[in-house]
Amino acid sequence: MERSGGTGLAVRRSRHNVVSSAAGPGHGSRREDNGGNDRKSRSRSLVFGAGVPAVLLLYVLGMRALVHLSLRQLVTPGTRSPGFNASSARIYLEHIAAIDSRTVGSPANEILTVNYLLDRINEIEKKSSKAHKITVDIQRPTGTFSIDFLGGFTSYYDNITNIAVKLEPTRGAQHAVLANCHFDSVANTPGASDDAVSCAVMLEILSSLSSASVPLKHAIIFLFNGAEENILQGSHGFITQHHWAKLVRAFINLEAAGVGGKELVFQTGPENPWLVQAYSAAAIHPFASVVAQEVFQSGIIPSDTDFRIYRDFGNIPGIDLAFIENGYIYHTKYDTADRIHTDSIQRAGDNILGVLRYLATSPLLADSSEFRHGNLIFFDVCGVFVASYPARIGTIINYVIAVVTLFYLSKKTIKYRRGGVNYARDLMIGLFITVTSWISALVTVLILAVLVSLTGNALSWYTHFYVAVSLYGAAALAKLILMHTMAKTFYFANTSRQYLGDLFFDVSLLSWGIPMMLLTQKGLCSAYFFAMWVIFPLVTKVIAEQESVHQASSYRYIAVYLLGLFYPYLHTTYHVWAVFEMFTPIFGRSGTEIPPDVVMASFLVICTIVLMTCFVNFIYLVKSTRTIMVVLAVVSAVTFILVCFGVFFPYSASMDSPKPKRIFLQHTTRLYHNLNGDVIKRDSGIWVNGFDYNGITHLTPHVPELNDTTRAQCDVGPFCGFPWYFPVHQLLRKNWYIPASPPPVKKDMDFKLESKEEMPWGNIRLNFEVKGPSHITVYIHPHETCVLSSWSLGDGTPVSGSGGDYFIYYSHGLHAPAWKFWIEVKGSDGHLDGIVTVAAASHYFFGENRHSPELDSLLQRFPTWSFPSGWVSSYKQYVY
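What you see is a predicted model, and the numbers here were worked out from it, not measured in a lab.

Cut-off values and rules
- Residue positions within a chain follow its written sequence, with the count starting from 1.
- Local features in a predicted model are, by the rule used here, given only for residues with pLDDT of at least 70; side-chain atom pairs are given and counted only at 80 or more, and totals for whole chains, interfaces and linings are based on all residues.
- For the side-chain quantities, the full set of heavy atoms in the structure was used; hydrogens and water were omitted.
- A helix here means a DSSP run of H or I that spans at least four residues, while a strand means a run of E at least two residues long, and both kinds are numbered starting from the N terminus.
- Partly exposed describes any residue whose relative accessible area lies between the buried limit of under 20% and the exposed limit of over 50%, with all areas from a 1.4 Å probe on protein chains only and scaled to the type maximum.
- Contacts are assigned to residue pairs with any non-hydrogen atoms lying within 4.5 Å of each other.
- Values of accessible area rely on a 1.4 Å probe in the Shrake-Rupley scheme; residue burial ignores everything except the protein chains shown.
- Counted as positive: Lys and Arg. Counted as negative: Asp and Glu, with His and the chain ends omitted from the count.
- Here the site of a charge means atom NZ of a Lys, CZ of an Arg, CG of an Asp or CD of a Glu.
- Two rings belonging to Phe, Tyr or Trp (six-membered ring only in the last case) form a pair when the distance between their centres is within 6.5 Å. Interplanar angles under 30 degrees mark stacking, angles over 60 mark edge-to-face geometry, and anything in between is tilted.
- Think of it as a cone above the ring: NZ of Lys or CZ of Arg counts as a charge over the ring if it is within 6 Å of the ring centre and within 35 degrees of the ring normal.
- Across the chain, each position has a pLDDT score giving the predictor's confidence in that residue, from 0 to 100.
- Here a strand pair is declared whenever DSSP counts at least two bridges between the two strands.
- Angles here are taken between N-to-C directions and fall from 0 to 180 degrees, while the axes themselves are lines fitted to C-alpha atoms, restricted in helices to the stretch in contact.
- The disulfide definition used here is simple: a pair of cysteine sulfur atoms within 2.5 Å.
- Think of a salt bridge as a Lys or Arg side-chain nitrogen and an Asp or Glu carboxyl oxygen that are within 4 Å of each other.
- Multiplying one less than the number of residues by 1.5 Å gives the expected span of a helix.
- By the definition adopted for this analysis, an angle is roughly parallel if under 35 degrees, roughly antiparallel if over 145, roughly perpendicular if from 65 to 115, and oblique otherwise.
- Each crossing gets its hand from how the near helix is turned against the far one by less than a right angle, where anticlockwise is left-handed and clockwise is right-handed.
- Amino acid classes used here: Ala, Val, Leu, Ile, Met, Phe, Trp, Tyr, Cys and Pro are nonpolar; Asp, Glu, Lys and Arg are charged; the rest, including Gly, are polar.
- By arc we mean the arc of the directions from the helix axis to the C-beta atoms, nothing more.
- Within 3.5 Å is the distance limit for a polar contact, defined as a pair of N or O atoms, with the added protein rule that one can donate a hydrogen and the other accept it, and that residues adjacent in sequence qualify only through two side-chain atoms.

Draft legend 1. Expanded view of the overall build of the chain. Each helix and strand counted, the chain has 21 helices and 25 strands in total. Dimensions of the chain, computed from C-alpha atoms along their principal axes, come out at roughly 100 × 70 × 60 Å. The buried share of the chain, taken over its 880 residues, is 60%. Pairs at least 24 residues apart make up 82% of the contacts formed inside the chain by residues separated by at least 6 positions. As displayed, the chain has an accessible area near 33,700 Å², and 59% of this comes from carbon and sulfur atoms. Of the side-chain charges in the chain, 70 are positive and 66 negative, and the distance between the mean point of each set is 13 Å.

Draft legend 2. Region of the structure containing the packing of aromatic side chains. This structure, assessed with the given rule, holds 60 aromatic pairs. Centroid distance phenylalanine 583 to phenylalanine 603: 5.2 Å. Interplanar angle 70°. Geometry classified as edge-to-face. With phenylalanine 583 in helix H17 (residues 566–586) and phenylalanine 603 in helix H18 (residues 596–612), this residue pair connects regions lying 20 residues apart in the sequence. Since its relative accessible area comes to 12%, phenylalanine 583 is described here as buried. Classification of phenylalanine 603 as buried rests on a relative accessible area of 19%. Grouping aromatic residues by their ring pairs yields a cluster made of Tyr59, Phe379, Phe505, Trp512, Tyr528, Phe529, Phe530, Trp533, Tyr561, Tyr569, Phe615 and Phe618. Positioned above the aromatic ring of tyrosine 328, the side-chain terminus of lysine 659 is 4.8 Å from the ring centre. When the ring centre of tyrosine 672 is taken as origin, the NZ or CZ atom of lysine 681, which lies over that ring, is 4.9 Å away.

Draft legend 3. Main features of the confidence of the model for the chain. The predicted model of the chain has a mean per-residue pLDDT of 88, with 91% of residues at 70 or higher. Confidence drops under pLDDT 50 across residues 1–45; counting only partners more than four residues distant or on other chains, this segment forms 100 contacts.

Draft legend 4. Representation of the pairing of strand E14 (residues 661–673) in the model. Judged by how many residues are buried, E14 sits mostly within the fold: twelve of 13 residues are covered. With twelve bridges connecting them, E14 and strand E25 (residues 866–879) associate as parallel partners. Looking across to E25, one finds that isoleucine 663 is bridged to proline 868. The pairing of E14 with strand E15 (residues 679–690) spans eleven bridges and is classified as antiparallel.

Draft legend 5. Fine view of the sheet that holds strand E23 (residues 819–827). The strand order across the open sheet formed by four strands is E18-E19-E23-E21, and the pairing between neighbours is antiparallel. Strands at the two margins of the open sheet, each flanked by one partner only, are strand E18 (750–758) and strand E21 (786–791). Across this sheet, the average inter-strand angle for adjacent strands is 30°, counted without regard to direction. Here E18 pairs with strand E19 (residues 764–771) via eight bridges, running antiparallel. Residue pairing for E19: aspartate 750 is matched across the bridge by lysine 771.

Draft legend 6. Here's a closer look at the sheet that holds strand E8 (residues 219–225). Across the sheet, which stays open at both edges, the seven strands sit in the order E3-E6-E8-E7-E9-E11-E10 with mixed pairing between neighbours. Every interior strand has two partners, whereas the edge strands, strand E3 (132–139) and strand E10 (263–269), have only one. Pairs of neighbouring strands in the sheet enclose a mean axial angle of 15°, with direction left out of account. As paired elements, E3 and strand E6 (residues 162–169) share eight bridges and run antiparallel to each other. Paired with aspartate 137 across the strands is alanine 164, a residue of E6.

Draft legend 7. The arrangement of the state of the cysteines in detail. Using the criterion set out here, one finds two disulfides in the structure. The side chain of cysteine 181 participates in a disulfide bridge whose partner is cysteine 199; the two sulfur atoms lie 2.2 Å from each other. Taking the sign of the torsion about the S-S bond as the criterion, the disulfide between cysteine 181 and cysteine 199, at about 105°, is right-handed. Note that cysteine 181 is positioned in strand E7 (residues 176–182) and cysteine 199 in helix H5 (residues 192–210), a separation of 18 residues in sequence. Residues cysteine 181 and cysteine 199 agree in their burial class; the two are buried. For cysteine 714, the disulfide goes to cysteine 720, at an S-S distance of 1.9 Å. Linking cysteine 714 and cysteine 720, the disulfide has an S-S dihedral of approximately -80° and is accordingly described as left-handed. Taken in sequence order, the bonded cysteines of the chain link in the pattern 1-2, 3-4. Unpaired in this structure, cysteine 614 has its nearest cysteine sulfur neighbour in cysteine 607, at a distance of 14 Å. A disulfide-free cysteine, cysteine 786 has its sulfur positioned 20 Å from the sulfur of cysteine 714, the nearest such atom.

Draft legend 8. Quick look at the pairing of strand E22 (residues 806–812). Of all seven residues making up E22, seven are buried, and the element is well covered by its neighbours. Taking every second residue as pointing to the same face, both faces of E22 are buried, with Tyr806, Ile808, Tyr810 and His812 on one and Phe807, Tyr809 and Ser811 on the other. Two strands pair when backbone bridges link them, and strand E5 (residues 153–158) and E22 are joined in this way by five bridges, in the parallel orientation. Within E22, the residue paired with tyrosine 156 across the bridge is tyrosine 810. Sheet analysis places strand E20 (residues 775–782) next to E22, joined by six bridges and oriented antiparallel. Across the sheet, threonine 777 pairs through a bridge with tyrosine 809, a residue of E22.

Draft legend 9. Up close: the pattern of salt bridges. Overall, the coordinates contain 22 salt bridges when judged by the stated rule. Note that aspartate 304 and arginine 308 form a salt bridge whose closest N and O atoms lie 2.9 Å from each other. In this structure, aspartate 304 and arginine 308 share a single accessibility class: buried. Several salt bridges converge on common partners, so that one network encompasses Asp148, Asp304, Arg308, Arg311 and Asp312.

Draft legend 10. Representation of H18 within the structure. Taking 1.5 Å per residue as the helical rise, H18 with its 17 residues ought to reach 24 Å, and the 24 Å between its terminal C-alpha atoms agrees with that figure. Counting buried positions over the 17 residues of H18 gives 13, a clear majority of the element.

Draft legend 11. Molecular detail of the packing of helix H12 (residues 423–454) against helix H20 (residues 626–644). The geometry of H12 relative to H20 is characterised by a closest axis approach of 10 Å and an angle of 20° between their N-to-C directions. The angle between H12 and H20 falls in the class roughly parallel. Here H12 runs over H20; the crossing is right-handed. Between H12, through Leu448, Leu451 and Val452, and H20, the contact on the second element is made entirely by Ser636, Phe640 and Val643. Tallied by class, residues from the contact of H12 with H20 come to five nonpolar, one polar and no charged.

Draft legend 12. Inspection of helix H3 (residues 86–98) at higher detail. For H3, spanning 13 residues, the distance from its first C-alpha to its last is 18 Å, which sits close to the expected 18 Å at 1.5 Å a residue. Looking at H3, one finds that the buried residues are Ala86, Ala89, Arg90, Tyr92, Leu93, Ile96 and Ala97. Considered in projection along H3, the buried side chains sweep an arc of 160° and stay on one side of the axis. Tucked inside the fold, the buried residues of H3 contact helix H4 (107–127), H5 and helix H10 (342–360). N-capping of H3 is provided by asparagine 85, with a side-chain oxygen placed 2.9 Å from the backbone N of serine 87.

Right, dumping it as structure tokens:
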């Protein structure tokens, strides 16, 4: 007898065990042994009974429970840093969050918050040891830059506020590490997690480090950034203009995409692997993933952080951390201090304090350019430690794994060929069946998702996540099992189950190995994820085979097999949780154009395939899969019916765990001017934007006024003639307009053309002056045959958005002079008039102009499960 490298199939050379050359109809068969040989073979058989699906289900649920416990255990007992006091940080947090919505330019942001931070910093300075000195600088920068975020736009800021604090040894320091938080918040929100808690953590870290008797080797600059929510203006003002910026050699950016929980390292570099190694060495409760980094940097998540500014404009390497739990209430009125657990503050403080102290005493900081040598593969192991190694080593490992796998498959192919079996052909057929099952499952689930969307019940799982699992996950799993069961029943009808189990185990190796090599070829560090799913099962398979042959116990085989898959399965489940933890809340603010059920269904199919691949071989080893398929089909069908009948409402007003519907309302007045400056159109109303796919569907029964709305039509002019605050018009194409009387704005924006001149090189230069509130957006649309060639903004080269129009975002602090800028337009037909349309919108986020009777009355009528955010604006359009 000679053993194969598979699931324990014994390939006999005798004529009594016929192993023919191919599987399936017309190709002979690999039949079960007959008579005495059959009884002898059956004693070593690995044909499993009905209890195996239950065992696998318990295994999956056990993994989910372990991940849940790991994520709930924010701070491991006995590992807290003695230098960080979360109770003190919480006091700072509560005071900052208690200040009204801290919008740039408002007294709440520019006076109250600034004064509170300065008072606390002054108290800390008085208690600091003689080993350190603290220097405080209030910066109020003015600047401009362009960025391709959200399709591309240009920013201009004037007199915004940053508070920079430098902690250094008394003798001074030539190098520094930067810690960045922002104290401003989105309009109409308290911003406790985004980002008051980070500023509170930084205050407590400053207090801890400054009181230490042992001096640091390098300086630490704590930047309390006052204008991040204005699309990263504060960080740009510091890194491009502050005289301390030239000292910075590395940075840590503290952000939030959720409220509390664990803070995830989701960006590092560029390159500079020593930063990840510093985090690995110093973070007490690590939570990091190179997979998250590559997903975020791919642009799938429509968001960006100050990390980008420091990287692109300062050419400085850094680490980006963010709270990711409970993104449902991120940027809403529910983002309050009481929702952030003290343990969450403690773990963030422990980690950041440790990393900052490590960097400020590291010799690597002085000349980090010497250690800039490629990327690093990194991931935490259940929050205990961070595993990291250079990407080039990972590439070598992946190639070695590929070679070992090919050797294993080649050896097995040769063995089966000696017995008359064309194993390579069967392997390709098995791979084809597997890929077909994936496509079939995806198509089936997408059909369900489209039907759900057409019935008007999208996002039924937004509050009840396991509805999506029952609807789409169960359907995907049922279809995968069905396809393989059909292959076993019809194509491989007379084939040994052990042979099929062996074959489809090897198919799973190919299923993981092919993407491993594709990602490796593209230089992506995430290839390590697939490498784990090749090497761990392969080693486990060999061990499990030995155990099963010697012990003749199918359940012992399962135990060894599942034990060997413990870490890759746990690691995968960990990442699957992170995917849904981050992405599910995003569907509540992903716009009206992307069907969330289609995306969620696709995610669930992918995750089901990932978690199912290592178990596909069991489908061919069990006696019957009928029961499990029927149960899964019934679960999916019943859930589908309940969803279509509207049983599961998408949103929740629960104060313990609110999941509100987001909706923005602007009470606006619009004026359209012709080429002569005459007003040719005037209207006013409340412009309504629902931030998810359901639009205003669920709101109309609660807010009768919305029944009077009309779908807003795209008017002539840039960005369809509406006062967009961010350039998200491509995501929010469905919006509504309620006619209303003009809002009572006492002093509106003054937008005027100061001069128009023909330049020596043939372009037309238009010089503008703008006076108005702290937030103004300008939109530019060159007419046909005309080109916007240059302007006084950014680096001088105009950056257009995704629709071809130009978006300029302007903000200022408490006091700022009139904003002046110019644009140059090049016309191809020599005309000087009618070459460009320019529009401007003012946004009143605070003060007496923020309210109007009609808007306030409408806001009060919204149901408790919604988060309506409203303000007054104006829109003026001109043709030049």
